[in-house]
Amino acid sequence: MEILKQAMTDMGIKIDRQQIETLTAYRDRVLLWNEKVNLTAIKDPAEFEIKHFVDSLFACTFPGFQKSYKIIDIGTGAGFPGLPLAICFPEKQFVLVDSLNKRIRILQEVIENLNIRNAVAIHGRAEDLAADRIHREQYDVCLSRAVALLPVLSEYCLPFVRAGGFFGAYKSEGTEEELAASVRALRILRGKVETTMKVSLTGINLNHQIIWIRKTGNTPANYPRKAGIPTKEPIK
Ligand code: SAM
């Protein structure tokens, strides 16, 4: 975990030996489960450290994340980016969501086994959960990585965020087109691009960035539309 430790120092995060042990055990459990259920294409432990852990943790460099308390991760898969963040920021609360129950059951096993007290994994589709008042506009931050293009992802994620909070979309570089296609969706859903932060850390070659979108008001009640519609008919 030497690469991770260095990256965390560069990002200004202090973690203790117990947290490193938890991250190591989490990686090992995901790789073990991966032999039975498809969770990740990344099997090399060093690559795992960079592409899953460092990448996930990069959100912590944004002031809006630092000030947040309740965070939701949509389409979390094997727990990225939410679970590494939960391990490193025990004072914050994390809800991890995925529409595939098999992955959620594995995450629940990992959370219980590693005694991670500030994270819960729930099964559901973003479109359904965002219509539920338990979740709607209840979060300071919504995060999502590798789930959909920005116009669709904004419809999944912005309804979870309270006015004044942030949606952080993890993206590869070259997102100008996606941003250009999202102008109307962001206006309707009440989002405004605040900043784009590129992963820039010594010795780490990740062409990744997080687009941070501020929630400017309440999302109209008719969004998100019914499950499946945002992907079939993205807001144009
Ligand atoms: N975020 C993880 C990562 O970066 O490794 C997983 C990415 S995986 C490519 C996309 C995940 O999004 C899948 O686990 C899928 O089940 C989930 N997903 C897709 N559409 C969804 C929706 N509408 N609501 C909730 N989860 C969804």
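Going by the structure above, here's the rest.
Okay, so let's go over this structure. Note that the structure is predicted; figures quoted are calculated from it, not measured.

**As for the packing of aromatic side chains**
Right, so step 1: This structure, assessed with the given rule, holds nine aromatic pairs.
Right, so step 2: Cluster of aromatic residues (ring-pair linked, three or more members): Tyr26, Phe48, Phe53 and Phe80.
Right, so step 3: Positioned over the ring face of tyrosine 139 is lysine 70, at 4.9 Å from the centre of the ring.
Right, so step 4: Cation over ring: lysine 92 sits above phenylalanine 65, and NZ or CZ is 5.2 Å from the ring centre.

**Describing the pairing of strand β7 (residues 208-215)**
Right, so step 1: In terms of burial, β7 is a largely internal element, six of the eight residues being buried.
Right, so step 2: With seven bridges connecting them, strand β5 (residues 161-172) and β7 associate as antiparallel partners. Considered in β7, the bridge of phenylalanine 166 is made with arginine 214.
Right, so step 3: When strand β6 (residues 191-198) meets β7, the two strands line up antiparallel, connected through seven bridges.

**A short note on helix α8 (residues 150-157)**
Right, so step 1: Burial runs high along α8: eight of the eight residues are buried.
Right, so step 2: Here α8 has its buried residues at Leu150, Pro151, Val152, Leu153, Ser154, Glu155, Tyr156 and Cys157.

**Here's the deal with the site of the ligand**
Right, so step 1: What surrounds the ligand is a group of 16 residues, the closest being Gly75, Phe80, Asp98, Arg103 and Arg145.
Right, so step 2: A distance of 2.9 Å separates a nitrogen atom of the ligand from a polar backbone atom of alanine 126.
Right, so step 3: Between the ligand and glutamate 127, the relevant distance is 3.0 Å, taken from a nitrogen atom to a side-chain nitrogen or oxygen of the residue.
Right, so step 4: Within the complex, 79% of the 600 Å² of free accessible area of the ligand lies under protein.

**Here we look at the pattern of salt bridges**
Right, so step 1: Tallying each qualifying case throughout the model produces eleven salt bridges.
Right, so step 2: A salt bridge links arginine 27 to aspartate 28, with the shortest nitrogen-to-oxygen separation between them at 3.3 Å.
Right, so step 3: The salt bridge involving arginine 145 is made with aspartate 55; its shortest N-O contact spans 2.8 Å. Here arginine 145, found in strand β4 (residues 139-145), pairs with aspartate 55, found in helix α3 (residues 45-57); they are 90 residues apart in sequence, far enough to count as distant.
Right, so step 4: Residue arginine 145 is classed as buried on the basis of its relative accessible area, which comes to 15%.

**Some remarks on the nonpolar core**
Right, so step 1: Counting residues in each nonpolar core, the largest one holds 55 residues, and the members touching the most others are Leu4, Met11, Tyr26, Phe65, Leu83, Leu85 and Trp212.
Right, so step 2: Beyond its immediate sequence surroundings of up to four residues, phenylalanine 65 is in contact with Ala59, Cys60, Ile71, Leu85, Phe89, Lys92, Phe94, Val141 and Trp212.
Right, so step 3: With 28 residues, the next largest nonpolar core counts Cys157, Val161, Phe167 and Ile188 among its residues.

**A short note on unusual backbone geometry**
Right, so step 1: Cis geometry marks the peptide bond from phenylalanine 80 to proline 81; its omega dihedral reads 10°.
Right, so step 2: Here tyrosine 223 and proline 224 are connected by a cis peptide whose omega angle stands at -5°.
Right, so step 3: Position of proline 224 among the secondary structure elements: in the loop between β7 and α11 (229-232).
Right, so step 4: Within the chain, glutamate 137 stands out as a residue other than glycine whose phi angle is a positive 55°.
Right, so step 5: Within the fold, glutamate 137 resides in the loop between α7 (126-129) and β4.
Right, so step 6: With a relative accessible area of 18%, glutamate 137 lands in the buried category.
Right, so step 7: Even without being glycine, alanine 146 reaches a positive phi, approximately 60°.
Right, so step 8: Relative to the elements of secondary structure, alanine 146 occurs in the loop between β4 and α8.
Right, so step 9: For alanine 146, a relative accessible area of 74% puts it in the exposed group.

What counts, and at which threshold
Throughout, a residue's number is its position along its own chain's written sequence, starting from 1. Only residues with pLDDT of at least 70 are given local features in this predicted model, and only at 80 or more are side-chain atom pairs given and counted; all residues enter the totals for whole chains, interfaces and linings. Excluding hydrogens and water, the side-chain figures rest on all heavy atoms present in the structure. In summary, the pairing rule links any two rings of Phe, Tyr or Trp, Trp by its six-membered ring, whose centres are within 6.5 Å, and it sorts them by plane angle into stacked for under 30 degrees, edge-to-face for over 60 and tilted for everything else. Two conditions define a charge located above a ring, namely a distance within 6 Å from the ring centre to NZ of Lys or CZ of Arg, and an angle within 35 degrees of the ring normal. Between buried and exposed lies partly exposed: a residue is buried under 20% and exposed over 50% of the maximum accessible area for its type, with that area taken using a 1.4 Å probe on protein chains only. The secondary structure listing takes helices from DSSP runs of H or I that are at least 4 residues long and strands from runs of E that are at least 2 residues long, numbered from the N terminus. Two strands qualify as a pair provided DSSP detects at least 2 bridges between them. A cutoff of 4 Å decides nearness: a residue is near a molecule or strand if any of its heavy atoms lies inside that distance of it. Whenever a nitrogen or oxygen atom comes within 3.5 Å of another N or O atom, the pair is scored as a polar contact, on the condition that within protein one atom can donate a hydrogen and the other can accept it, and that pairs from neighbouring residues in sequence are kept only if both atoms are in side chains. Here the Shrake-Rupley method, with its probe set to 1.4 Å, supplies the accessible areas, and only the displayed protein chains count as covering residues. Within this document, salt bridges are pairs made up of a side-chain nitrogen of Lys or Arg and a carboxyl oxygen of Asp or Glu, the two lying within 4 Å of each other. We define a nonpolar core as any set of buried Ala, Val, Leu, Ile, Met, Phe, Trp, Tyr and Cys residues linked to one another through side-chain atoms lying within 4.5 Å. Here, two residues are considered to be in contact whenever any of their heavy atoms come within 4.5 Å of each other.

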